[in-house]
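# Close look at the chain arrangement
Chain by chain, the residues run as shown.
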Amino acid sequence: MSETKPSLTLMIAAPRGFCAGVDRAIIIVEKAIEKYGAPVYVRHEIVHNKFVVESLKAKGAVFVEELDEVPDGVPVIFSAHGVPKVVPAAADARGLEWLDATCPLVSKVHRQVERLVDQGKHILFIGHAGHPEVIGTFGQVPDGNMTLIETVADVAALPDLDGATLGFLTQTTLSVDDTAEMITALKARFPDITGPRGDDICYATSNRQDAVKSICKAVERLIVIGAPNSSNSLRLAEVGERMGVPALLVQRGSDIDFDWLGNATRVGLTAGASAPEVLVREIVTALQQRYTVVEEEVTTATENMVFKLPRELVD
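Residues numbered from 1 in each chain as written. Predicted model: local features only at pLDDT ≥ 70, side-chain atom pairs only at ≥ 80, totals over all residues. Heavy atoms only, no water.

### Structural notes on the packing of helix 1 (residues 20-36) against helix 2 (residues 50-59)
Keep this limit in mind: Axis definition: a line fitted to C-alpha atoms, limited for helices to the stretch in contact. Angles are taken between N-to-C directions and run from 0 to 180 degrees. A run of DSSP states H or I qualifies as a helix once it reaches four residues; a run of E qualifies as a strand once it reaches two. Both are numbered from the N-terminal end. Any angle between 65 and 115 degrees counts as roughly perpendicular, while under 35 counts as roughly parallel, over 145 as roughly antiparallel, and the rest as oblique. Throughout, a residue-residue contact means that at least one pair of heavy atoms, one from each residue, lies within 4.5 Å. Classes in brief: Ala, Val, Leu, Ile, Met, Phe, Trp, Tyr, Cys and Pro nonpolar; Asp, Glu, Lys and Arg charged; the others, Gly included, polar.
Direction vectors running N to C along helix 1 and helix 2 enclose 10°, while the axes themselves pass 10 Å from each other. In terms of axis orientation, helix 1 runs roughly parallel to helix 2. Residue-level contacts link Ile 26, Val 29, Glu 30 and Ile 33 of helix 1 to Val 52, Leu 56 and Lys 59 of helix 2. Split by residue class, the contact of helix 1 with helix 2 holds 5 nonpolar, no polar and 2 charged.

Take a look at the structure:
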């Protein structure tokens, strides 16, 4: 007689997974391969997801870290995170055909950076050191025009400056709550500082964090599908932990640590903005090996954002 599987209520966050910027970036690579034929080179991971990158490699994409790894005469695509201005300039100098898959919401921040510097402002940029989006944003203006802020302590450590000479902007994939704290600290120290017209944190990041907050009121564990170098996925795990719900970041169904799940009967599931829905189903299937799973989707927002493709790829 077979043992009865324990019951598990799986609360699945919505929105989750791909955002419009990631969707656009992947389509750009696929359409470029259709148009130019393989190989098409991509500078940096197009999005931070190993499954997506491997799928595109199988179709004919070649991923490199720097432009000098791209041979002459083949097209190159810049990742969704954005690149410093010197990168397309170097591609032009070599006569390379290039396509820009930078998320339009990141490009919007790039334009704000240029505008503030043109106004003579020094920019205090809230973000994570070394993240490709931060490197790309700093690379929009000459060195010395921006200072990185990672914590409230960084705000306190700034020299006394005239707020009227300052502006602030943020990375698009940050913790909404952490960023709000840093912005409050900046405005308290520099009341005359100039901020962005809207919110730089993208709609998809905010929506996914809100959805996690909603399900974490009712679960004992949280599983987040995402890569360890994916900023927005890491933030989703942090949101759960802050609400007292232990969170596990996984890339595939085989990464689930069943000992860590313990005797939990209610588990939350979400996916970062660069994780495809096929991985959500893979996690559910893995859980079904051990449990009788009851799925409950919890929807906190509806997304219908679509971004235009580069005109070179539009027939």
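There is more to say, and it comes next.
### Digging into helix 2
Note the cut-off: Partly exposed describes any residue whose relative accessible area lies between the buried limit of under 20% and the exposed limit of over 50%, with all areas from a 1.4 Å probe on protein chains only and scaled to the type maximum. The directions from the helix axis to the C-beta atoms form the arc being described. Polar contacts, as counted here, are pairs of nitrogen or oxygen atoms within 3.5 Å of one another; within protein the pair requires one atom able to donate a hydrogen and one able to accept it, and residues that are adjacent in sequence qualify only if both atoms are side-chain atoms.
Within helix 2, the full set of buried residues consists of Val 52, Val 53 and Leu 56. Projected onto a plane normal to the axis of helix 2, the buried residues spread over an arc of 95° and lie on a single side. Among the exposed residues of helix 2, those pointing more than 90 degrees away from its buried face are Lys 50 and Ala 58. In this fold, the buried residues of helix 2 make contact with helix 1 and strand 3 (61-64). For helix 2, the N-terminal cap is Asn 49; the gap from its side-chain oxygen to the backbone nitrogen of Phe 51 is 3.1 Å. Looking one or two places after helix 2, you find Gly 60, whose phi comes out positive at around 125°.

### Things to note about the packing of aromatic side chains
Applicable threshold: Any two rings among Phe, Tyr and Trp, with Trp reduced to its six-membered ring, count as a pair given centres within 6.5 Å; such a pair is stacked if its planes are under 30 degrees apart, edge-to-face if over 60, and tilted if neither. A ring has a charge above it when a Lys NZ or an Arg CZ is no more than 6 Å from the ring centre and no more than 35 degrees off the ring normal.
Within this structure, the stated rule accounts for 3 aromatic pairs. Note on Phe 258 and Tyr 291: the rings are 6.4 Å apart at their centroids and 35° apart in plane angle, and the pair reads as tilted. Residue Phe 258 is located in helix 10 (residues 258-261), and its partner Tyr 291 is located in the loop between helix 11 (277-288) and strand 12 (292-299); the two are separated by 33 residues in the primary sequence. Accessibility classification places Phe 258 together with Tyr 291 in one group, the buried group. One residue, Arg 221, lies across the ring of Trp 260, its end atom 5.4 Å from the ring centre. Taking the ring centre of Phe 258 as reference, the NZ or CZ of Arg 290 above it sits at 4.0 Å.

### Looking at the sheet that holds strand 5 (residues 98-100)
Convention followed: Here a strand pair is declared whenever DSSP counts at least two bridges between the two strands.
Read from one edge of the open sheet, 4 strands run 3-2-4-5, paired in parallel fashion. With one partner strand each, in any of the chains shown, strand 3 and strand 5 form the two edges of the open sheet. Taking the axes of each pair of neighbouring strands and ignoring which way they run, one obtains an average angle of 25° across the sheet.

### Concerning the environment of Val 117
Structurally, the position occupied by Val 117 is in helix 4 (residues 104-118). When the C-alpha atoms of Val 117 and Pro 142 are compared, they prove to be 9.4 Å apart, with 25 residues separating the residues in sequence. If we ignore the near neighbours within four places in the chain, the residues touching Val 117 are Ile 123, Val 141 and Asn 145.

### Looking at unusual backbone geometry
Negative phi characterises most residues that are not glycine, and trans characterises most peptide bonds. Of note, the bond from Ala 14 into Pro 15 is cis; its omega dihedral lies within 30 degrees of zero at 5°. A cis geometry characterises the amide bond from Ala 38 onward to Pro 39, with omega recorded as 0°. For Pro 39, the position within the fold is in the loop between helix 1 and strand 2 (40-43). Even without being a glycine, His 44 presents a positive backbone phi close to 75°. Here His 44 lies in the loop between strand 2 and helix 2.

### So, the nonpolar core
One recurring pattern in soluble globular proteins is that nonpolar side chains are buried together. The test is simple: Buried residues of nine kinds, namely Ala, Val, Leu, Ile, Met, Phe, Trp, Tyr and Cys, make up a nonpolar core once their side-chain atoms join them within 4.5 Å.
By size, the foremost hydrophobic cluster in this structure holds 30 residues, and its most contacted members are Val 29, Ile 46, Leu 56 and Ile 77. Elements that contribute at least two residues to this core include exactly helix 1, strand 2, helix 2, strand 3 and helix 4. The greatest single-element share of this core, amounting to 8 residues, is contributed by helix 1. Residue contacts for Ile 77: discarding those within four places in its chain leaves Ile 28, Val 29, Ala 32, Val 40, Tyr 41, Val 42, Arg 43, Ile 46, Leu 99 and Ala 101. With 23 residues, the next largest nonpolar core counts Leu 248, Ala 264, Ala 271 and Val 280 among its residues.

### Quick notes on the sheet that holds strand 1 (residues 7-14)
Read from one edge of the open sheet, 5 strands run 10-9-11-1-12, paired in parallel fashion. Taken across any chain shown, the strands that pair with only one partner, and hence form the sheet edges, are strand 10 (247-250) and strand 12. The mean angle between the axes of side-by-side strands here comes to 25°, regardless of whether they run parallel or antiparallel. Examined bridge by bridge, strand 1 and strand 12 share 8 bridges and lie parallel to one another. Residue pairing for strand 12: Ala 14 is matched across the bridge by Thr 299.

### Remarks on the environment of Ser 55
Tracing the backbone through its elements, the reader meets Ser 55 in helix 2. For Ser 55, a relative accessible area of 30% gives the class partly exposed.

### Looking at the pattern of salt bridges
Threshold: Whenever a carboxyl oxygen of Asp or Glu lies within 4 Å of a side-chain nitrogen of Lys or Arg, that contact is scored as a salt bridge.
Inspection of the entire model under this criterion finds 14 salt bridges. With a shortest N-O distance of 2.9 Å, Glu 297 and Arg 16 are connected by a salt bridge. With a gap of 281 residues between them, Glu 297 in strand 12 and Arg 16 in the loop between strand 1 and helix 1 connect regions that are remote in the sequence. One salt bridge connects Lys 85 with Glu 114, and the closest N-O pair in it is separated by 2.1 Å. Here Lys 85, found in the loop between strand 4 (76-78) and helix 3 (86-93), pairs with Glu 114, found in helix 4; they are 29 residues apart in sequence, far enough to count as distant. Salt bridges linked by common partners bring Arg 16, Glu 277 and Glu 297 together as one network.

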